[in-house]
Amino acid sequence: MNANKNESYFRKLIKGDLPLSITFWIWFVFLTLTISVFTEINFSDVEYHKSEFSKKLDLLLYILTFMYTVFIFVAVIRCANKYKGSKLFSSSAKVLVTINLIISLYSAI
């Protein structure tokens, strides 16, 4: 029990030990929307003569965004599997994070 108290917040998040409502609404919906808006603004700034640094920065941002997508996918799925409430909410959460992951994979191709 004492070891559980000392566990970091992010470890609890990835293990699915946080409430599904927090994991889904804050970590998935709010942060994914925020990241999407930021990256769309950054990637929509089309310049045909981008510097090498700018291209590398874009690639780094995309990789970090994709890593976050995989991270939040695992966290929401694990929270939804442990959720004791409405099956509709847990199933919907699983479907939405799966769609988000598929879109991220598709955009990588």
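Predicted model only: the values in this text are computed from it and were never measured. (Residues numbered from 1 in each chain as written. Predicted model: local features only at pLDDT ≥ 70, side-chain atom pairs only at ≥ 80, totals over all residues. Heavy atoms only, no water.)

Draft legend 1. View of the pattern of salt bridges. Counted under the stated rule, the structure contains 2 salt bridges. Among the ionic pairs, K15 bridges to E7, the shortest N-O distance being 2.8 Å. Its relative accessible area of 15% is what places E7 among the buried residues. Between D17 and K82 there is a salt bridge, and its shortest N-O distance comes to 2.7 Å. In this pair, D17 is assigned in the loop between helix 2 (9-15) and helix 3 (20-43) and K82 in helix 4 (residues 52-82), connecting sequence segments 65 residues apart. (Salt bridge = Lys/Arg side-chain N within 4 Å of Asp/Glu carboxyl O. Buried < 20%, exposed > 50% of the residue type's maximum accessible area, 1.4 Å probe, protein only. Helix = DSSP H or I, 4+ residues; strand = E, 2+ residues; numbered from the N terminus.)

Draft legend 2. Fine view of helix 5 (residues 87-108). With 22 residues, helix 5 should reach 32 Å at 1.5 Å per residue; the first-to-last C-alpha distance of 32 Å fits that figure. Buried within helix 5 are the following residues: F89, S90, A93, V97, N100, L101 and S104. All buried residues of helix 5 lie within an arc of 100° about the axis, which places them on one face of the element. Of the exposed residues in helix 5, the ones pointing more than 90 degrees away from its buried face are K87, L88, I102, I103 and Y106. (Expected span 1.5 Å × (residues − 1). Arc of directions from axis to C-beta.)

Draft legend 3. Fine view of the nonpolar core. L20, F24, F28, I72 and V76 are the most contacted members of the largest nonpolar core, which totals 16 residues. Those elements that place two or more of their residues in this core are helix 3, helix 4 and helix 5. Here this core takes 7 residues from helix 4, the largest share from any one element. (Core = buried A, V, L, I, M, F, W, Y, C linked by side-chain atoms within 4.5 Å.)

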